[in-house]
2 protein chains.
Amino acid sequence: MALTITRTQYPKTKPQDYSKGFGNILTDHMFLMDYTEAEGWHDPRILPFGALALTPATMCFHYGQEIFEGMKAYRTEDGRLLLFRPMDHMRRLNHSCERICIPQVCEEELLDYLKELLKTDLDWIQDSNVDSIYIRPMIIATEPVFGARPAKDYTCMAMLTPGRPHIPKGPKPVRIYVEKEQARAVRGGTGTAKCAGNYASTFAAQAKAKAQGYTQVLWLDGAERRYVEEMGQMNIFFVIKGELITPDLSGTILDGITRRSLLAIAKDLGYQTVERRISIQEIMTAHADGTLQEAFGCGTGACIAPVGELTYGECHMNIGNGSIGTVTFTLFERLTQIQRGLVPDPYGWTMEV
Amino acid sequence: MALTITRTQYPKTKPQDYSKGFGNILTDHMFLMDYTEAEGWHDPRILPFGALALTPATMCFHYGQEIFEGMKAYRTEDGRLLLFRPMDHMRRLNHSCERICIPQVCEEELLDYLKELLKTDLDWIQDSNVDSIYIRPMIIATEPVFGARPAKDYTCMAMLTPGRPHIPKGPKPVRIYVEKEQARAVRGGTGTAKCAGNYASTFAAQAKAKAQGYTQVLWLDGAERRYVEEMGQMNIFFVIKGELITPDLSGTILDGITRRSLLAIAKDLGYQTVERRISIQEIMTAHADGTLQEAFGCGTGACIAPVGELTYGECHMNIGNGSIGTVTFTLFERLTQIQRGLVPDPYGWTMEV
Ligand SMILES: Cc1ncc(COP(=O)(O)O)c(C=O)c1O
Ligand SMILES: Cc1ncc(COP(=O)(O)O)c(C=O)c1O
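Quick caveat, the model's predicted, so the values are computed rather than measured. Sequence order sets the numbering: in each chain, residues are counted from 1 along the sequence as written. Chains carry letters from A onward and ligands carry numbers from 1 onward, assigned in written order. Given that this is a predicted model, residues contribute local features only at a pLDDT of at least 70 and side-chain atom pairs are listed and counted only at 80 or more, while totals for whole chains, interfaces and linings are drawn from all residues. Excluded from the side-chain calculations are hydrogens and water; all other atoms, namely the structure's heavy atoms, are used.

With that settled, the discussion passes to the interface of chain B and chain A. Contacts between the two partners involve 58 residues from chain B and, on the opposite side, 58 residues from chain A. When the area that chain B buries against chain A is broken down by residue, the three leading residues are Phe61(B), Phe146(B) and Phe203(B), summing to 15%. For this document, the term salt bridge refers to a Lys or Arg side-chain nitrogen within 4 Å of an Asp or Glu carboxyl oxygen. Joining chain B to chain A, the criterion identifies zero salt bridges. Only DSSP runs of H or I reaching four residues or more are called helices, and only runs of E reaching two or more are called strands; each is numbered from the N terminus. For the side of chain B that touches chain A, the secondary-structure elements that each account for two or more residues are strand 4 (52–54), helix 1 (59–63), strand 5 (66–68), strand 8 (132–141), strand 9 (154–162), helix 5 (197–200) and helix 6 (203–211) of chain B. By the convention adopted, Pro, Cys, Tyr, Trp, Phe, Met, Ile, Leu, Val and Ala count as nonpolar, Lys, Arg, Asp and Glu as charged, and the other residues, Gly among them, as polar. Its residues assigned to classes, the side of chain B that touches chain A comprises 34 nonpolar, 17 polar and seven charged. For two strands to be treated as a pair, DSSP must find at least two bridges joining them. In terms of strand pairing, strand 4 (residues 52–54) of chain A meets strand 4 of chain B through three bridges, oriented antiparallel. Within strand 4 of chain B, the position partnered with Ala53(A) by the bridge is Ala53(B). We call two residues contacting when some pair of their heavy atoms lies within 4.5 Å. Values labelled buried area give the accessible surface lost by two parts on being combined, using a 1.4 Å probe and summing over both.

Attention shifts here to the relation of the copies chain B and chain A. To line up the copies, we fit them by least squares on C-alpha atoms, keeping just the residues with pLDDT of at least 70 in both. Note on the copies: chain B fits chain A at an RMSD of 0.0 Å, the axial shift is 0.0 Å, and the rotation between them is 180°. Those values place the two copies in the arrangement expected of a two-fold rotation axis. A share of 100% of the interface residues of chain B reappears at the interface of chain A, consistent with the copies meeting face to face through the same patch.

Let us look at the side chain of Ser132(B). All names here are of chain B. The residue Ser 132 is located in strand 8 in this model. Among the residues examined, Ser 132 registers a relative accessible area of 1% and is labelled buried. In this view, Ser 132 contacts Lys 72, Ala 73, Tyr 74, Ile 125, Pro 162, Gly 163 and Arg 164; residues no more than four positions away in its chain are not counted. Exposure is judged per residue with a 1.4 Å probe applied to protein chains only, and the accessible area is read against the type maximum: over 50% gives exposed, under 20% gives buried, and values in between give partly exposed.

Our focus in this paragraph is helix 6 of chain B. Looking only at helix 6 of chain B, the buried set comprises Phe203(B), Ala204(B), Ala205(B), Gln206(B) and Ala209(B). Where helix 6 of chain B is buried, its residues touch helix 1 (59–63) and helix 2 (86–99) of chain A together with strand 10 (174–178), helix 5 and strand 11 (216–220) of chain B. One or two residues past the end of helix 6 of chain B sits Gly213(B), with phi positive at roughly 90°.

Another aspect to go through is the site of ligand 2. Residues and elements named next belong to chain B. A cutoff of 4 Å decides nearness: a residue is near a molecule or strand if any of its heavy atoms lies inside that distance of it. Around ligand 2, 16 residues are found, and the nearest of them are Lys 194, Tyr 199, Glu 230, Thr 258 and Thr 300. Within 3.5 Å is the distance limit for a polar contact, defined as a pair of N or O atoms, with the added protein rule that one can donate a hydrogen and the other accept it, and that residues adjacent in sequence qualify only through two side-chain atoms. Here a nitrogen atom of ligand 2 and a side-chain polar atom of Glu 230 are 2.5 Å apart. To measure how exposed things are, a 1.4 Å probe is used in the Shrake-Rupley method; for residues, cover is taken only from the protein chains shown. In isolation ligand 2 has 380 Å² of accessible area, and contact with the protein removes 97% of it. Taken together, the residues of the shell around ligand 2 sort by class into five nonpolar, seven polar and four charged.

A few words now on the packing of aromatic side chains. In this description, an aromatic ring pair is defined by two values, namely the gap between the centres and the angle between the planes. Put simply, two rings from Phe, Tyr or Trp (the six-membered ring, in Trp's case) pair if the centres are within 6.5 Å, and we call them stacked under 30 degrees between planes, edge-to-face over 60, tilted for the rest. One pass over the structure, following the stated rule, counts 31 aromatic pairs over all chains. Between Phe22(A) and Phe146(B) the ring centres are 6.3 Å apart and the planes differ by 75°, which places this aromatic pair in the edge-to-face class. With Phe22(A) in the loop between strand 1 (4–5) and strand 2 (29–36) and Phe146(B) in the loop between strand 8 and strand 9, this residue pair bridges two chains. Residue class for Phe22(A) comes out buried when judged on its relative accessible area of 15%. Every member of this aromatic cluster is reached through a ring pair, and the members are Tyr63(A), Phe68(B), Tyr199(B) and Phe203(B). Here, a charge over a ring is recorded when the distance from Lys NZ or Arg CZ to the ring centre is within 6 Å and its angle to the ring normal is within 35 degrees. Positioned above the aromatic ring of Tyr227(A) is the side chain of Arg277(A), whose terminal nitrogen or guanidinium carbon lies 3.9 Å from the ring centre. Over the ring of Tyr312(B) we find Lys180(B), and its NZ or CZ is 4.6 Å from the ring centre.

With that out of the way, let us pick up helix 7 (residues 257–268) of chain B. Residues and elements named next belong to chain B. An expected span of 1.5 Å times one less than the residue number is assigned to each helix. Between the first and last C-alpha of helix 7 there are 17 Å, a value that for 12 residues agrees with the 16 Å anticipated at 1.5 Å per step. Looking at helix 7, one finds that the buried residues are Ile 257, Thr 258, Arg 259, Ser 261, Leu 262, Leu 263, Ile 265 and Ala 266. Looking one or two residues past helix 7, Gly 270 carries a phi angle of roughly 90°, positive in sign.

Residue and element names in this part refer to chain B. Here strand 17 (residues 303–312) pairs with strand 18 (residues 315–318) via four bridges, running antiparallel. Paired with Tyr 312 across the bridge in strand 18 is Cys 315. Two successive antiparallel strands, strand 17 and strand 18, enclose a turn made up of two residues, where Gly 313 displays a positive phi of approximately 60°.

Here we come to the pattern of salt bridges. In this structure the tally under the stated criterion is 38 salt bridges over all chains. The partner of Arg45(A) in a salt bridge is Asp34(A), and the shortest N-O contact between them spans 3.0 Å. Remark: Asp34(A) occurs in strand 2 and Arg45(A) occurs in strand 3 (residues 40–48); sequence separation between them is 11 residues. Residues Arg45(A) and Asp34(A) agree in their burial class; the two are buried. Note that Glu143(B) is salt-bridged to Arg149(B), the shortest N-O span being 2.9 Å. Classification of Arg149(B) as partly exposed rests on a relative accessible area of 23%. Each of Arg85(A), Asp88(A), Arg91(A), Asp255(A) and Arg260(A) takes part in a single network of salt bridges with overlapping partners.

For the rest of this paragraph, the subject is the site of ligand 1. Residue and element names in this part refer to chain A. In the region of ligand 1, 16 residues are neighbours, and Lys 194, Tyr 199, Glu 230, Thr 258 and Thr 300 sit closest. In this structure, Glu 230 approaches ligand 1 through a side-chain N or O atom, which is 2.5 Å from a nitrogen atom. A distance of 3.4 Å is found between an oxygen atom of ligand 1 and a side-chain nitrogen or oxygen belonging to Gln 233. Burial of ligand 1 by the protein amounts to 97% of the accessible area it has alone, namely 380 Å².

We now examine the pairing of strand 8 of chain B. One face of the sheet, then the other: side chains in a regular strand alternate in exactly this way. Residue and element names in this part refer to chain B. Counting buried positions along strand 8 gives 10 out of 10 residues, so the element sits mostly inside the fold. Residues Ser 132, Tyr 134, Arg 136, Met 138 and Ile 140 of strand 8 are buried on one face, and the alternating residues Ile 133, Ile 135, Pro 137, Ile 139 and Ala 141, pointing to the opposite face, are buried as well. As judged from the three bridges shared by strand 5 and strand 8, these two strands associate in the antiparallel manner. Bridged to Phe 68 within strand 8 is Met 138. One ladder, built from four bridges, connects strand 6 (residues 71–75) with strand 8; its direction is antiparallel. Residue pairing across strands places Tyr 74 opposite Ser 132, the latter belonging to strand 8. With nine bridges connecting them, strand 8 and strand 9 associate as antiparallel partners. Note on strand 9: the bridge partner recorded for Tyr 134 is Thr 161.

Residues and elements named next belong to chain A. By convention here, the domain bounds are inherited from an automatic or database domain assignment. When the domains of chain A are assigned, the result is domain 1 (4–162) and domain 2 (174–339). Each of domain 1 and domain 2 has a C-alpha centre, and these two points are 28 Å apart. The interface of domain 1 with domain 2 comprises 19 residues on the first partner and 20 residues on the second. Scanning the region where domain 1 abuts domain 2 turns up one salt bridge. Between Arg 260 and Asp 88 there is a salt bridge, and its shortest N-O distance comes to 2.5 Å. Connecting domain 1 to domain 2 are 12 residue pairs in polar contact (both at pLDDT 80 or more). Only strand 5 (66–68), strand 6 (71–75), strand 7 (81–84) and helix 2 provide two or more residues apiece to the side of domain 1 that touches domain 2. When residues in the side of domain 1 that touches domain 2 are grouped by element, the largest group, six residues, is from helix 2.

What follows concerns the confidence of the model for chain A. pLDDT expresses, on a scale from 0 to 100, how confident the predictor is about each individual residue. Residues with a pLDDT of 70 or more make up 100% of chain A, whose mean pLDDT is 95. Confidence estimates for the predicted assembly give a pTM of 0.97 and an ipTM of 0.96.

Positive phi, normally seen in glycine, also occurs at Lys241(A), with a value near 50°. For Arg85(B), which is not glycine, the phi torsion reads 45° and is therefore positive. Within the secondary structure, Arg85(B) is located in the loop between strand 7 (81–84) and helix 2 (86–99). Look at Arg85(B) and you get buried, because its relative accessible area is 11%.

So this is what it looks like as structure tokens:
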């Protein structure tokens, strides 16, 4: 389909400080594309960033048919722009669509449109204060009458926001709170999809954790509250007796693309890796007997977040000595170097815009 | 807070046929009220029904902070308008807010505004083709920048749609499909809240059931897929050996106001009632030995829906003989008569507008 591009007449003034930019600072343009039963997906277009007109009867407000993706493009030292595993994100977008009955998109086409959006806002990524840009494609149900059934009309949108600043030495460890009461997902639910409802449900526990000084919540399985699942926007890894352990994809957690990439990198660097069920009890035992060496979360937004403290009820587990662990740092460095084109990419993960 | 009312200059032409009206036909006006951290809830207003301007960065599209209610007002034979248990709906709205970190509203005030909305659109309910009106209050996160945390800005909205036509003889039985794979809710999740994400997650199973000729899905518990929970927009009751059984409020199902009302009515009519865990196995056994007499769903939208067939895997349970059962009809008649002011309301459930 032919993409139409309407450029803004009023480009925004770029900020000096991007440190609070994620999600707050948005570039000058957005992508839109509509779906109707009669026409399928149609009218892909890039427009000046602005508002949609939606009445309160719009379906997505009522029944939550809303999915999104989050991927990044990194600027290399020689000024090229590299998307990281974009087709993996397109495939996951369609997986999310399928789970909540949103019509799927053509992955190749959507990716082409997103590249055009990046080119349209290229001046944003060329700013020396920015070295990555986060791309947020999403789809919402826009049929203007409500009823508890899949909608007939949808809008796909995408916008760009400068990524979090890169810290070459690796990020500081964070404090994580293990939630015992509330649950994020259960087998047969929507845990594997990036759908809007999965996030609102986590806010209460997150607010409770934040109020006690924690950065994030670590979720346990919904059925028994025994096995470790994932964090708000990150998957989790543990290093126990030199082995890298991460919960398997049992149908309740997001199949994270950072997780997947780190598993591949770790194997190639010679680490033992295993994807399996791991209980919070096992973590506590490993901590008690001194074999829990490192823990970290990983996701597109934060890349890697070392876990410095893990609290489960009265049990406060300190991990590492306030700094990023060796395995964590090795993986962090290798991944960010591939993403930024600083080392050759043997996996074919990066795609130049 | 002072409510401002702006009346439309262009009233819609009222339809002749309201049979497909639910959610499709909307009246002339809507209610809006905004929340900011600085001002709290403010600026309650009634406006001509129309669109809000929201950019794609609006928080509710991403993280699903969206809740709603559904309640009805019925026209009596002498032309009065009776709201059914409106304060119960206001309280549940605030419960939903709490679960997903939306700031609560003043229940009395919101109810007053909704009454004003009904009065503003009184000509719609006075149409002889309509005998009830469905009121849909809702709140969405409207902060215009995204980040996975509770939003700072919200909008509360409400709109009116003519209710489903009343069938004095009671509705026809429906075919229900018991879902074995997918799950709607789990303990610690959002099952007790009327939040948007709870509905999108049910659409895939519902579509599968619809394709096989079923009207609705009956959900089993998320942890074990053994115990009966509820249906899409309805709670469920069974009549076994003369006893009226409904799943207890164990933290995964909606505390339905129709359910609550029918339990009270049934007790006063001398039926044995019990709220407890009930497994699908127990239902199958009762069906096999002939003690499963009736089953029905109940909710504000449909009032009561007799279950004529319940299918669990290969087991097709026919219930009743294609018509509404005696207990079901007795409860249906008594409830609808109270709602419409045809008999005295000993419970104080109805409130005149
Ligand atoms: C719930 C959840 N888990 C895990 C992740 C990490 O996935 P990815 O590495 O693909 O960004 C994310 C973020 O996208 C997420 O939202
Ligand atoms: C999931 C769910 N269960 C049950 C019900 C029935 O509740 P009520 O009787 O209050 O309408 C509804 C409808 O509101 C619902 O959405």
